[in-house]
Amino acid sequence: VAQVARRVAEGLHEHRGEPVDVGLVEAAALLHDIAKALCFETHLDHAAEGGRILRGLGLEAVATLVERHVILGAWDPEGVVTEAEIVNYADKRVRNDQVVSLTERFDDLIVRYGARPEIEARIRGNWAVMAAVEAKIFARLPFTPAEVRPRRPARGPR
Ligand SMILES: [Fe+2]
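Since we're looking at a predicted model, the values are computed, not measured. (Residues numbered from 1 in each chain as written. Predicted model: local features only at pLDDT ≥ 70, side-chain atom pairs only at ≥ 80, totals over all residues. Heavy atoms only, no water.)

*Asks:* How do you make sense of the coordination of the iron ion when you look at a structure like this?
*Replies:* For a metal with four donors in a tetrahedral arrangement, the ideal angle between donors is 109.5 degrees, while six donors in an octahedron ideally sit at 90 or 180 degrees. Around the iron ion, the donor atoms from the protein are Asp-33 (OD), His-46 (NE2) and His-69 (NE2), and they sit 2.0 to 2.2 Å away. Donor residues for the iron ion sit on one chain with the sequence pattern D-x12-H-x22-H. Placement of the pair is Asp-33 in the loop between α2 (22-31) and α3 (36-42) and His-46 in helix α4 (residues 46-56), with a sequence separation of 13 residues. Residue class for Asp-33 comes out partly exposed when judged on its relative accessible area of 27%. Of the residues examined, His-46 reaches a relative accessible area of 16% and is grouped as buried. (Donors = N, O, S within 2.8 Å, 3.2 Å for Na, K, Ca; no water. Helix = DSSP H or I, 4+ residues; strand = E, 2+ residues; numbered from the N terminus. Buried < 20%, exposed > 50% of the residue type's maximum accessible area, 1.4 Å probe, protein only.)

Here it is, written out as structure tokens:
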């Protein structure tokens, strides 16, 4: 997730000069599920709980992004791409350790969690938001969603 988020953030910064904080995006993407294991047992909201933990460590800006990684909340389709949009979107492009399309990710969510119609409807609503965020992001990038692959570390001579 951090590698996808970084790739998108760097792209926006390099190709558009957008004022995106790449380091903040990467930090939040690395830490977004910090409370997930804890919440398997407690059934608390892992996004809210992650935000609480990070705020307790003084990481206010990271906390705000982590809180929004499951449900983005209010966003502006016309404005600059925000760090919250990038982290939320990157999380939807990864299943386990694989980069996947939004369709693959949301199909999987519906199979795993969509047994009740109201839950499936909520997942589909979130999918529609993510499709719009993806369109906003990639209207500003010289590569497509399918071309988002993490940059591999440069290799030295053999
Ligand atoms: Fe999560």
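*Asks:* Could you clarify how one ought to interpret the nonpolar core in this entry?
*Replies:* Soluble globular proteins: nonpolar side chains tend toward being buried together. Grouped together as the largest cluster of nonpolar side chains are 38 residues, with contacts concentrated most on Ile-86, Ile-137 and Phe-138. Among the elements of the structure, α1 (2-16), α2, α5 (60-67), α6 (83-92), α7 (102-113) and α8 (117-138) are those that each provide at least two residues to this core. Those residues in contact with Phe-138 that sit more than four places away from it in its chain are Val-8, Tyr-89, Phe-143, Thr-144, Pro-145 and Val-148. (Core = buried A, V, L, I, M, F, W, Y, C linked by side-chain atoms within 4.5 Å. Contact = heavy atoms within 4.5 Å.)

*Asks:* I would appreciate a short explanation of α7 in the present structure.
*Replies:* Note on helix geometry: an α-helix contains 3.6 residues per turn, so any two residues three or four positions apart are oriented the same way. Taking 1.5 Å of rise per residue, 12 residues should cover 16 Å, and α7 covers 16 Å from first to last C-alpha, within 8% of that figure. Of the residues making up α7, those classed as buried are Leu-102, Arg-105, Phe-106, Asp-108, Leu-109 and Ile-110. (Expected span 1.5 Å × (residues − 1).)

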